[in-house]
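Observations on the three-dimensional arrangement
Given next are the chains, with one letter for each unit.
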Amino acid sequence: MRTASGVWRWRHNPLRRGTDLAEAWVALAAVLLIVLAGPLVGWFCGAFVDRALGDVAQVQRLHRHPTTATVIRALPARSAVPNPDGIADVIPRGRAAAHWTGADGSRHTGALSTVKRHDSPGDRLRIWTDDHGEIVTRPMTPSTARAHAILAGFGAATATAGVIVAGRRLVVWRLVRRRYVQIDRDWAEAGPDWGRTGTGS
């Protein structure tokens, strides 16, 4: 913006070059694109991700069911299973063999991640299963889907601004190179007679 305002102030100066004017217009266009295009791209991206994740969350809520598993015995292995929403609100610290009944009435037995280091036989654990009784992560909540959409929109807007700034820098770099080429050409024309008597210098 300083470049654009500077060129506007001395737009009638005979020392102003064509590349100076072009650089000012590029700076102004970059600012307008960042202010207008950045938020617009961010909004469209965020809205798209929000709809997509909303559909995913709805499907998960339809096909994932809470149930209770009963611990048979504790297992020595330790593992950490990340929260499906990317937020570590509960970090499993142990494993246990357990049995449970799926939403379709089928009975299952398997190893589960647990919060406690040592689980006793008979302990009850809340788990999520699919329509066939297989263990799955809990369904995504609408608030989590919305948070991911907001982050996606913000990231898209930031990336758009970065691309615009990079494009402006590339154009300015090419303008500077053209400016130096013109200076070299002018110097080559004036250089041989520079300082000689009677050449008008």
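Going by the structure above, here's the rest.
Here the structure is a predicted model, which is why all the values come from computation and not from measurement.

Quick notes on the sheet that holds strand β1 (residues 65–75)
Pairing in this open sheet of five strands is antiparallel, and the strands run β3-β2-β1-β4-β5 from one edge to the other. Single-partner strands in this sheet number two, and they are β3 (107–114) and β5 (135–136). Relative to strand β4 (residues 124–129), β1 is paired through six bridges, and the arrangement is antiparallel. Bridging across to β4, P66 finds its partner in W128.

Section: the pattern of salt bridges
For the coordinates displayed, the defined rule picks out one salt bridge. A salt bridge links R146 to D50; the nearest nitrogen and oxygen atoms lie 3.0 Å apart. Note that R146 is positioned in helix α3 (residues 142–190) and D50 in helix α2 (residues 18–63), a separation of 96 residues in sequence. You can call D50 partly exposed: its relative accessible area is 22%.

Scoring rules and cut-offs
Residues numbered from 1 in each chain as written. Predicted model: local features only at pLDDT ≥ 70, side-chain atom pairs only at ≥ 80, totals over all residues. Heavy atoms only, no water. Pairing = 2+ DSSP bridges. Helix = DSSP H or I, 4+ residues; strand = E, 2+ residues; numbered from the N terminus. Salt bridge = Lys/Arg side-chain N within 4 Å of Asp/Glu carboxyl O. Buried < 20%, exposed > 50% of the residue type's maximum accessible area, 1.4 Å probe, protein only.

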